[in-house]
Amino acid sequence: MTKFLLLPHYFLRNLSIPKKMLLLSVLLLAPLLIQTGLFIQRTNADIEVARMELQGIEYSVALRKLQQLLPLYRGVSYALLEQGDEFKERKDQLIAEVEKAIEEIDRVDGRTGKQLKISEHWAYLKSRWETLSNAPQMTADEQFEEYSLLIDDLLATSLLVADNSGLVLDSNIETYYLMMVMVNEVPALIHTAQTLRGLSSASDKVRHMPTLVGGMQDQQRRVIDALTKVLQENPHLRVKMGRQLEKLLLQMDEFTQEMLKTDEQKEIVERFKLGSDTVSVLFDMYDLSAIELDALIQQNVERLERARNFVVISVVVCLMIGLYLFAGFYFSLRRDLIELVKASQRIGSGETESRINIVGRDELSVVAIGFNEMAAALEKSQQEVDEAYSKLESLTKSDPLTGLPNRRFLDEVLAREWHRAIRNDSSLSVIMLDLDHFKEYNDRYGHTAGDSCLCKVADELNIIMKRAGDFVARYGGEEFIIISPETTLDQAAELAMTIQKSIEKLAIPHEGSNVSSYVTVSQGVASIDPK
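Quantities reported herein were computed from a predicted structural model and do not represent experimental measurements.

Caption draft 1: Local environment of the pattern of salt bridges. One pass over the full model with this rule turns up 15 salt bridges. Taking the shortest distance from any N to any O, the salt bridge between Arg107 and Glu104 comes out at 2.6 Å. Of the two residues, Arg107 and Glu104 are both situated in helix α3 (residues 88-116); the distance of 3 residues between them amounts to about one turn of the helix. Residue Asp443 pairs with Lys439 through a salt bridge whose shortest N-O separation is 3.2 Å. One end of the pair, Asp443, and the other, Lys439, are both in helix α12 (residues 438-445), 4 residues apart, so they sit about a helical turn from each other.

Caption draft 2: How the structure looks around the side chain of Gln68. Looking at the secondary structure, you find Gln68 in helix α2 (residues 17-83). Looking at Gln68, its side chain comes within polar contact range of the side chain of Arg64, at 2.4 Å. Excluding its chain neighbours within four sequence positions, the residues that come into contact with Gln68 are Gln194, Arg197, Ser280 and Phe283.

Caption draft 3: Focus on the nonpolar core. Core analysis: the largest hydrophobic core is formed by 45 residues, its most contacted members being Leu167, Met241, Leu248, Leu293 and Ile297. Secondary-structure elements contributing two or more residues to this core are α2, α6 (173-199), α7 (209-233), α8 (238-260) and α9 (268-348). When residues of this core are assigned to their parent elements, the largest contribution, 14 residues, is made by α9. Not counting the four nearest positions on each side in its chain, Met241 is found in contact with Leu178, Leu227, Val230, Leu231, Met285, Leu288, Ser289 and Glu292.

Caption draft 4: The sheet that holds strand β2 (residues 471-476), seen in detail. Pairing within the open sheet is antiparallel, and its 4 strands lie in the order β2-β3-β1-β4. Since the sheet does not close on itself, it has two edges, and those belong to β2 and β4 (521-528), each with one partner. Across the sheet, the mean angle separating the axes of adjacent strands is 20° when strand polarity is ignored. Sheet topology note: the β2/strand β3 (residues 479-485) ladder contains 5 bridges and is antiparallel. Within β3, the residue paired with Ala473 across the bridge is Ile481.

Caption draft 5: View of the packing of aromatic side chains. Taken as a whole and judged by the stated rule, the model has 7 aromatic pairs. Measuring from ring centre to ring centre gives 5.8 Å for Phe438 and Tyr441, while their planes differ by 5°; the resulting arrangement is stacked. With a gap of 3 residues between them, Phe438 and Tyr441 both fall in helix α12, about one helical turn apart. The exposure classification of Phe438 matches that of Tyr441, with both residues buried. On the basis of an interplanar angle of 40° and a centroid distance of 4.6 Å, the ring pair of Tyr441 and Tyr445 is categorised as tilted. Taken together, the residues Tyr441 and Tyr445, both in helix α12 and 4 residues apart, mark about one turn of the helix. Judged by relative accessible area, which is 31%, Tyr445 ranks as partly exposed. Through successive ring pairs, a cluster of aromatic residues spans Tyr73, Trp129 and Tyr147.

Caption draft 6: Focus on the packing of α12 against helix α13 (residues 447-464). Between α12 and α13, the shortest axis-to-axis distance is 7 Å and the interhelical angle comes to 135°. If you check the angle between α12 and α13, you find them oblique. From α12, Phe438, Tyr441, Asn442 and Tyr445 reach across to α13, where they touch His447, Ala449, Gly450, Cys453 and Leu454. Across the contact of α12 with α13, the residue classes break down as 6 nonpolar, 3 polar and no charged.

Caption draft 7: Structural view of a nonpolar patch on the surface. Taken together, Ile313, Val317, Ile321, Tyr324 and Leu325 make up a surface patch of nonpolar side chains, about 540 Å² in accessible area. For Leu325, a relative accessible area of 54% corresponds to the exposed category.

Caption draft 8: Representation of the layout of surface pockets. Roughly 220 Å³ of internal volume is contained in the largest pocket. If you go around the largest pocket, you meet 14 residues; those closest to its centre are Lys91, Ser133, Ala135, Gln137 and Gln143. Among the elements of the structure, α2, α3, α4 (119-133) and α5 (140-165) are those that each provide at least two residues to the lining of the largest pocket. At 4 residues, α2 tops the list of elements feeding residues into the lining of the largest pocket. When its residues are assigned to classes, the lining of the largest pocket shows 9 nonpolar, 4 polar and 1 charged.

Caption draft 9: Quick peek at the side chain of Gln244. Within the fold, Gln244 resides in helix α8. For Gln244, a relative accessible area of 14% corresponds to the buried category. Excluding residues that lie within four positions of it along the chain, Gln244 makes contacts with Val281, Asp284, Met285 and Leu288.

Caption draft 10: Summary view of the environment of Asp287. Relative to the helices and strands, Asp287 resides in helix α9. Assessed through its relative accessible area of 22%, Asp287 is described here as partly exposed. Residues Asp287 and Pro400 lie 113 residues apart in sequence; the distance between their C-alpha atoms is 115 Å.

Caption draft 11: Here's a closer look at helix α14 (residues 489-506). End to end, α14 covers 26 Å across 18 residues, agreeing with the expected 26 Å (1.5 Å per residue, within 8%). Residues of α14 that are buried include every one of Ala492, Leu495, Ala496, Ile499, Ser502 and Ile503, and no others. The arc that holds the buried residues of α14, viewed along the axis, is 130°, so those residues lie on one side. Facing away from the buried side of α14 by more than 90 degrees, the exposed set consists of Asp490, Glu494, Lys501 and Lys505. Where α14 is buried, its residues contact β1 (428-435), α13, β3 and β4. Just past α14, the residue Ala507 takes up positive phi, approximately 55°.

Cut-off values and rules
- All chains use their own residue numbering, which begins from 1 and follows the written sequence.
- The model is predicted, so local features are restricted to residues of pLDDT at least 70 and side-chain atom pairs to those at 80 or more, both for listing and for counting; the totals for chains, interfaces and linings are taken over all residues.
- To obtain the side-chain values, all non-hydrogen atoms of the structure were used and water was disregarded.
- For this analysis, a salt bridge means a side-chain nitrogen from Lys or Arg found within 4 Å of a carboxyl oxygen belonging to Asp or Glu.
- Comment: elements are numbered from the N terminus, with helices defined as DSSP H or I runs of at least four residues and strands as E runs of at least two.
- Polar contacts, as used here, are pairs of N or O atoms within 3.5 Å; protein pairs need one atom able to donate a hydrogen and one able to accept it. Residues neighboring in sequence count only if both atoms are side-chain atoms.
- In this analysis, two residues are considered to be in contact whenever any of their non-hydrogen atoms come within 4.5 Å of each other.
- For this analysis, a nonpolar core means a set of buried residues of the types Ala, Val, Leu, Ile, Met, Phe, Trp, Tyr and Cys, connected via side-chain atoms within 4.5 Å.
- Type-normalised accessible area, obtained with a 1.4 Å probe on protein chains alone, sets the label of each residue: buried when under 20%, exposed when over 50%, and partly exposed for intermediate values.
- Strands pair, by our definition, only if DSSP identifies at least two bridges between them.
- Lines fitted to C-alpha atoms define the axes, with helix axes restricted to the stretch in contact, and inter-axis angles between N-to-C directions lie between 0 and 180 degrees.
- Only rings of Phe, Tyr and Trp enter the pairing, Trp through its six-membered ring, and a pair is recorded when the two centres are within 6.5 Å. The plane angle decides the type: under 30 degrees is stacked, over 60 is edge-to-face, the rest tilted.
- Here the word oblique covers every angle except those under 35 degrees (roughly parallel), over 145 (roughly antiparallel) and from 65 to 115 (roughly perpendicular).
- Each residue gets one of three labels, nonpolar for Ala, Val, Leu, Ile, Met, Phe, Trp, Tyr, Cys and Pro, charged for Asp, Glu, Lys and Arg, and polar for the others, Gly among them.
- Patch definition: residues above 30% relative accessible area lacking any salt bridge, with like charges linked at up to 9 Å and the nonpolar side chains Val, Leu, Ile, Met, Phe, Trp and Tyr linked at up to 5 Å.
- In these tables, accessible area is a Shrake-Rupley quantity obtained with a 1.4 Å probe, and a residue counts as shielded only by the protein chains included in the view.
- Buried and open spaces are told apart on a 1 Å grid over the protein atoms alone, a cavity being a set of points where a 1.4 Å probe fits but cannot get out and a pocket being an open set with protein on both sides within 12 Å along at least five of seven lines. Residues with an atom within 4 Å of a point are the lining residues.
- Grid points are joined across faces, edges and corners, and a volume is the space filled by probe spheres set on the points.
- One less than the residue count of a helix, multiplied by 1.5 Å, gives the span that helix is expected to have.
- The reported arc concerns the directions from the helix axis to the C-beta atoms and nothing else.

The following block contains the structure:
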């Protein structure tokens with residue numbers, strides 16, 4: 001196994017950490033992105049198919065009005081030529097309705113005709129209508145035949161719309177049978193019923209009725225079978241379409257029975273009206289099928305869009321989270337490595353207090369813990385050395401009895417304050433303080449008491465001289481010196497008076513003094529501007 005991994009080992013060790021992580025991320029994400037892209041492509045294709053079907057429904061519904069009006073117009077025109085002027089007013093009304101239906105189809109064709117490749121066919125049908133409506137006088141039979149051909153072409157155009165929009169076949173079983181009802185079965189039944197209605201106004205055509213009625217009954221059975229399957233696949237339509245189916249069956253039975261009668265005395269208008277009612281019921285079924293089919297396809301489009309959007313959002317979110325974690329891991333690793341390098345450099349330059357703040361449970365955290373322990377041990381050793389050096393230096397610069405700086409330290413501070421006064425153009429004051437008759441104090445009370453007296457005086461001076469920059473040192477024996485930067489002569493004299501009063505308040509007995517029965521001091525004050 002170790003030998004098997006040698007190749008990636010040698011390959012990856014020559015890459016930086018960002019390149020390694022990028023390479024692994026690409027190898028892991030590539031299959032996911034490819035599958036996601038293929039899924040989105042298939043889903044978009046299904047959505048496009050469904051939208052084409054919706055366009056087909058819209059165009060078919062627009063044609064449906066004309067399919068209802070033209071056979072009616074054909075029958076009225078035939079009756080007008082056969083029976084007289086009683087149908088003229090109705091014919092004029094139908095012409096207006098046909099023109100209005102044509103305008104609606106023009107609007108729909110302008111939106112979807114190009115995609116459905118149907119505009120040329122519609123233009124041809126429209127020109128046929130204009131030619132027929134403006135044609136010279138024809139016989140009733142000739143006119144009936146011409147309009148029948150136009151109606152057949154209109155039905156063929158409707159089937160072409162269904163074919164071009166994908167309404168003929170659908171892989172979704174919920175919409176397949178509904179498409180069959182809307183595109184094939186109901187339109188065919190409507191066409192036959194319209195033909196029977198038109199022939200019912202002509203007494204010489206009665207002999208053709210039984211044959212047409214038989215064909216219509218076969219079409220009716222196919223419609224019923226298709227609608228039964230529709231209701232089986234779409235239970236939610238049973239109430240609405242079931243009620244319409246019952247109404248259709250009753251109307252078709254009445255119409256069939258009437259068409260089979262040979263009673264020539266039956267009023268033509270009455271028979272024509274029954275045919276129109278039957279056609280109207282059939283068109284109601286067509287309209288209901290179109291509405292429900294449109295709703296099912298819309299739901300399918302929404303379902304596909306939701307699935308596509310869910311996948312896209314999920315992948316985008318996962319990618320963002322992955323990139324976020326990748327960036328966090330990379331910058332965390334990079335930061336930890338940089339911090340480790342910098343901490344090593346700082347410790348190498350003498351900054352033994354440097355630590356690495358890496359919190360976690362990975363290998364770098366273990367390295368950081370070991371590094372910090374090493375740095376702590378080194379810092380402790382360095383502190384011991386520094387403390388020893390500081391103690392040694394303190395011994396060389398402080399008075400062992402009072403703890404005040406000694407004369408050697410005084411010389412350093414005086415030189416520093418002198419240069420500062422020159423730089424800041426400020427005054428520098430010095431107070432020299434000497435305990436009165438201190439030799440007699442030692443002779444009378446002993447050196448131990450004298451040392452105690454010096455310590456009390458030193459402590460009091462430290463209390464008084466609390467301003468930043470003030471400096472108190474033991475000059476020698478019973479002499480002390482005070483350096484007060486940025487202090488004028490008057491201020492220094494006032495300070496000396498304060499010191500004198502404070503020393504007297506200590507009330508240290510001094511019976512050997514001829515000045516006072518307590519320890520007193522004599523002071524000299526000097527102030528100078530170095531420039």
